[in-house]
Amino acid sequence: QVQLIESGGGLVQAGGSLRLSCAASGRTFSSYAMGWFRQAPGKVREFVAAISGSGVYTYYAGSVKGRFTISRDNAKNTVFLQMNSLKPEDTAVYYCAAVAAPTLSTYYYKPYEYAYWGQGTQVTVSS
């Protein structure tokens, strides 16, 4: 069982930056592929970014590529999402997700592929 706790959300003006963190429980954090998803009111949950267990391989949604960066610190059981050049359309609840992966280079980008989810953190971008 993996528990995930997100932090770092808040209110920011358009063009600003935020850094989200997701702390995970457990001793084998590097064996888990991690992802960030978001859900805006009235919309389905959508993929934002994913990272492999090694941290070498990453994948981004087109809407955030070049603005967001996912990274991880396996020694601290934490995954990050650095969000720059934020736009009002980035406003959503952001969720961290984890799944045990078969290799250190594996990552996933579909919600149903993830086994564990955090409670979410609100990000609001004002225009």
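Here goes a summary of the coordinates provided. (Residues numbered from 1 in each chain as written. Predicted model: local features only at pLDDT ≥ 70, side-chain atom pairs only at ≥ 80, totals over all residues. Heavy atoms only, no water.)

**Remarks on the sheet that holds strand β1 (residues 4-7)**
- Overall, antiparallel pairing links the four strands, which are arranged β1-β3-β8-β7 in an open sheet. Two strands lie at the open edges of the sheet, namely β1 and β7 (68-73), each paired on one side alone. Across the sheet, the mean angle from the axis of one strand to that of its neighbour is 15°, orientation sign disregarded.
- Across four bridges, β1 lies against strand β3 (residues 18-24) in antiparallel orientation. The residue bridging Glu-6 from the neighbouring strand is Cys-22, located in β3. (Pairing = 2+ DSSP bridges. Helix = DSSP H or I, 4+ residues; strand = E, 2+ residues; numbered from the N terminus. Axes fitted to C-alpha atoms, helices over the stretch in contact; angles between N-to-C directions.)

**Things to note about a nonpolar patch on the surface**
- A contiguous nonpolar surface patch, about 490 Å² in accessible area, is contributed by Val-56, Tyr-57, Tyr-59, Tyr-107 and Tyr-109.
- Position of Tyr-107 relative to the elements: it lies in the loop between β9 (92-100) and β10 (116-117).
- Classification of Tyr-107 as partly exposed rests on a relative accessible area of 30%. (Patch = residues over 30% accessible without salt bridge, like charges linked within 9 Å, V, L, I, M, F, W, Y side chains within 5 Å. Areas by Shrake-Rupley, 256 points an atom, 1.4 Å probe, with all protein chains shown as cover. Salt bridge = Lys/Arg side-chain N within 4 Å of Asp/Glu carboxyl O. Buried < 20%, exposed > 50% of the residue type's maximum accessible area, 1.4 Å probe, protein only.)

None of the figures reported here should be taken as evidence of function without further support.
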